[in-house]
Amino acid sequence: MSGGRDILVCQDLAIGHGDRVVMDRLSFALPAGRILAVIGPSGCGKSTLMRALGGLDEPIGGRTTLMGIDLATAAGADRQSILRRTGFLFQGSALFSSLTLRENIEMPMREFLRCPAKEIRQLAEYKLALVGLADAMDKLPSEISGGMAKRAGIARAMALDPEVIFLDEPSAGLDPVSSGRLDELILRLRAAFGTTVVLVSHEVPSILRTADFCVYLDPETGTMGAYGPPKDFLQAGQAPKVHAFFTQARFD
Amino acid sequence: MSQAPSGLPFARTEIQADGLAVVTVGGVWSADVALPDLAFKGDRVKVVAEDLGTFDSSLPSWLFARGRHVRQLDLSGLPARLQSLVTMAEKASETAEKPEEFGLLERFGTWGVDSGSSWARAFEHVGQTALGFLRMVTGKAKVNWSDFTLQLQTAGVDALPIVALLGFLTGLIMAYVGLIQLRQVGATVYVANLVSLAMTREMGALMTGVIACGRTSTAFASQLGSMNVSQETDALRALGISPVEYLALPRILAVTLMVPLLAVFATFIGVFGGMVVACAGDLSVEQYLTQAVRAITFKSFLVGFIKSVAFGFIAAWAGCYRGAVAKRSALGVGEAATSAAVLGITFIVVSDALFAVIFNLFNL
């Protein structure tokens, strides 16, 4: 795990839909190789923040840099180069419905890697095996369950060994065993490749197991309520709303 | 055994006296460079690292692909973080469900059963539609009437320009072909009979039915298929509302009502198209119209009208049926739209042939 260098930096960031600001004054930095959990009540703008951090949406105000590049103002080639080094899992998995799971994973590899088809196939099979889909490779997304689609989406997000991986509710729709296995996978990827992970999640046990930092988005104030290691917020007296989020969700 | 050049990934195998194959891996492993083409030999393999530099997932995937077929694989000679990446994929594969394997006979049987159930679903949908009509007549069905008025507009009024164009050209073509033949026997005056009779009994209804399949069936299949994808039809079922009654009935009703009107319109435009050609050469307008009016009998009109009602129903039903059974994916919606047009046109032509036989039997 590498540390020190900030791979993701937000400075006075404002995000929203169109001109409507959902969250503003967001400022934090994430060192490389760390896992950040974006938490908060439903509808507070967690996915919107993740899209802005990953360069999919332009922020309304402020600045965010990923690997030292401001994606909102970066030239096309720089932007492509950064996006090539990131992976995304969307809430609805967003698998290409006309491709099998294997083809879904192979698609970004074919576009960006220069290795032979045999090795691409081998890599895709390995990624699918990592998420427990070794025997569903030739199925279409319409033939698998929501949980399996989520796992296939994670495999596709990992296809190019990204330096930063964005996961929007990765555990949603997964059974506790699969969810635990996914946490283990995230930790192992970080340990093996130093992958930085940004994840949106409501699963407190999973956040406590995996995240090094969490940012709490407070819809009442329209800005971040707290930023720090999740375990800190378990102690009473620390940021009351975040403490309540962790403790209530934990024992509900 | 020669050492691989520094930096490039390498692998070599040594077979020990006790049969254990020792695979040595090293170098820098990346998916962007050629990987060693080496197969694991024997059923007992130990992998060790030597001068192993950085690696991405090309190394664990290389080991996983080769190691999964080995009975006894020892990875203890590798760094712990690499071991964990291989063993994790192996463990996850062990717990994954094995797909069922089917032989040729089973696949043929499955195809037969699938085809049978596909026809059964089609008949079931026809039955549900008929039942829905009965429930609608008795006021029990929940029908989306705003869809009905919308479809009167989109499937009916909006189709007028294309129906007019194709109807006109059909009449024109028939008149051309007819004139060439009839000139040889000096009976060009009968071109009016030919065009008006063909348009009234056959072509008006057939052309309109085919246009409805191209425009309306595909639109219905896409609409209902997309609603399937977004689980809107499930939401209707959960509310206790039949999707056939709520979504399909107003569409089928609107199209079954509009296609006969469009067919009558196409017939008149087609007769006019024939007149343009006929009067440009051999006939006067009076001659053409006199012959045409003589040729169009109430019986011919009735035959064309009955056909157009049936064709309208078939076009709308094909779209609604294919949409209802569409697979829940973008691909499924596309397939539904294509198959709706094919199904509609096929059924229209088949039913046209059946009508020809039936009307002949009844001397119509």
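Residues numbered from 1 in each chain as written. Chains lettered and ligands numbered in written order. Predicted model: local features only at pLDDT ≥ 70, side-chain atom pairs only at ≥ 80, totals over all residues. Heavy atoms only, no water.

Moving on: the overall build of chain B. For chain B, the helix and strand inventory stands at 11 helices and four strands. In terms of overall dimensions, chain B is more spread out than a globule: its C-alpha atoms have a radius of gyration of 34 Å, far above the 21 Å expected for 364 residues. Reported as C-alpha extents along the three principal axes, the dimensions of chain B are approximately 105 × 55 × 40 Å. By residue count, 46% of the 364 residues in chain B fall in the buried class. For chain B, the exposed area adds up to about 18,300 Å²; of that, 65% sits on carbon and sulfur atoms. (Helix = DSSP H or I, 4+ residues; strand = E, 2+ residues; numbered from the N terminus. Rg over C-alpha atoms; globule rule 2.2 N^0.38 Å. Buried < 20%, exposed > 50% of the residue type's maximum accessible area, 1.4 Å probe, protein only. Areas by Shrake-Rupley, 256 points an atom, 1.4 Å probe, with all protein chains shown as cover.)

Here we take up the interface of chain A and chain B. With 28 residues of chain A in contact, the opposing surface of chain B contributes 35 residues. Approximately 2,600 Å² of surface area, both sides summed, lies buried where chain A meets chain B, with 58% of it carried by carbon and sulfur atoms. Looking only at chain A, the three residues that lose the most surface to chain B are Tyr126, Asp135 and Arg188 of chain A, adding up to 25% of its buried area. Counting every contact that joins chain A to chain B gives three salt bridges. (Contact = heavy atoms within 4.5 Å. Buried area = accessible area lost by both parts, 1.4 Å probe. Salt bridge = Lys/Arg side-chain N within 4 Å of Asp/Glu carboxyl O.)

Time to look at the packing of helix α8 (residues 243–280) of chain B against helix α10 (residues 298–324) of chain B. All names here are of chain B. Between α8 and α10, the shortest axis-to-axis distance is 8 Å and the interhelical angle comes to 145°. The chirality of how α8 crosses α10 is right-handed. Within the contact between the two elements, α8 uses Ala248, Arg251, Ile252, Val255, Thr256, Val259, Pro260, Ala263 and Val264 and α10 uses Phe301, Phe305, Ser308, Val309, Gly312, Phe313, Ala316, Trp317 and Cys320. (Axes fitted to C-alpha atoms, helices over the stretch in contact; angles between N-to-C directions. Left-handed = near helix turned anticlockwise from the far one by under 90°.)

For chain B, the average pLDDT comes to 89, and 96% of its residues sit at 70 or higher. Predicted confidence for residues 1–5 of chain B stays below pLDDT 50, and this span has seven contacts to residues more than four positions away or in other chains. (pLDDT = per-residue confidence, 0-100.)

For the rest of this paragraph, the subject is the layout of surface pockets. Of the pockets and cavities examined, the largest pocket occupies roughly 570 Å³. At the level of secondary structure, the elements contributing two or more residues to the lining of the largest pocket comprise α4 (117–130) and α6 (176–193) of chain A together with β2 (21–29) and β3 (44–55) of chain B. Per element, the largest residue contribution to the lining of the largest pocket is three residues, and it comes from α6 of chain A. Residue composition of the lining of the largest pocket, by class: 16 nonpolar, seven polar and nine charged. Roughly 490 Å³ of internal volume is contained in the second largest pocket. Along its surface, the second largest pocket is lined by 18 residues, and Leu83, Thr86, Gly87, Phe88 and Pro108 of chain A are the ones closest to its centre. Of all the elements in the fold, those that place two or more residues in the lining of the second largest pocket are α2 (76–84), β6 (86–89), α3 (101–112) and α5 (146–157) of chain A. (1 Å grid on protein atoms, 1.4 Å probe; cavity = no way out; pocket = protein on both sides within 12 Å on 5 of 7 lines; lining within 4 Å. Points joined across faces, edges and corners; volume = space filled by probe spheres on them. Nonpolar A, V, L, I, M, F, W, Y, C, P; charged D, E, K, R; others polar.)

Summed over the entire model, instances satisfying the criterion amount to 21 aromatic pairs over all chains. Both rings, one in Trp145 of chain B and one in Phe148 of chain B, keep their centres 5.5 Å apart while their planes meet at 85°; by these two values the pair is edge-to-face. Taken as a pair, Trp145 of chain B and Phe148 of chain B lie in helix α4 (residues 145–156) at a separation of three residues, close to a single helical turn. These aromatic residues form a ring-pair network of at least three members: Trp119, Phe123, Trp317, Tyr321 and Phe347 of chain B. The side chain of Arg156 of chain A reaches across the aromatic face of Phe96 of chain A, ending 4.7 Å from its centre. The ring centre of Phe220 of chain B lies 5.6 Å from the NZ or CZ of Arg251 of chain B, which sits over that ring. (Phe/Tyr/Trp six-rings, centres within 6.5 Å; stacked < 30°, edge-to-face > 60°. Lys NZ or Arg CZ within 6 Å of the ring centre and 35° of its normal.)

Here we take up the domain arrangement of chain B. According to the domain assignment, chain B consists of domain 1 (10–95) and domain 2 (132–361). The straight-line distance from the C-alpha centre of domain 1 of chain B to that of domain 2 of chain B is 66 Å. (Domains from an automatic or database assignment.)

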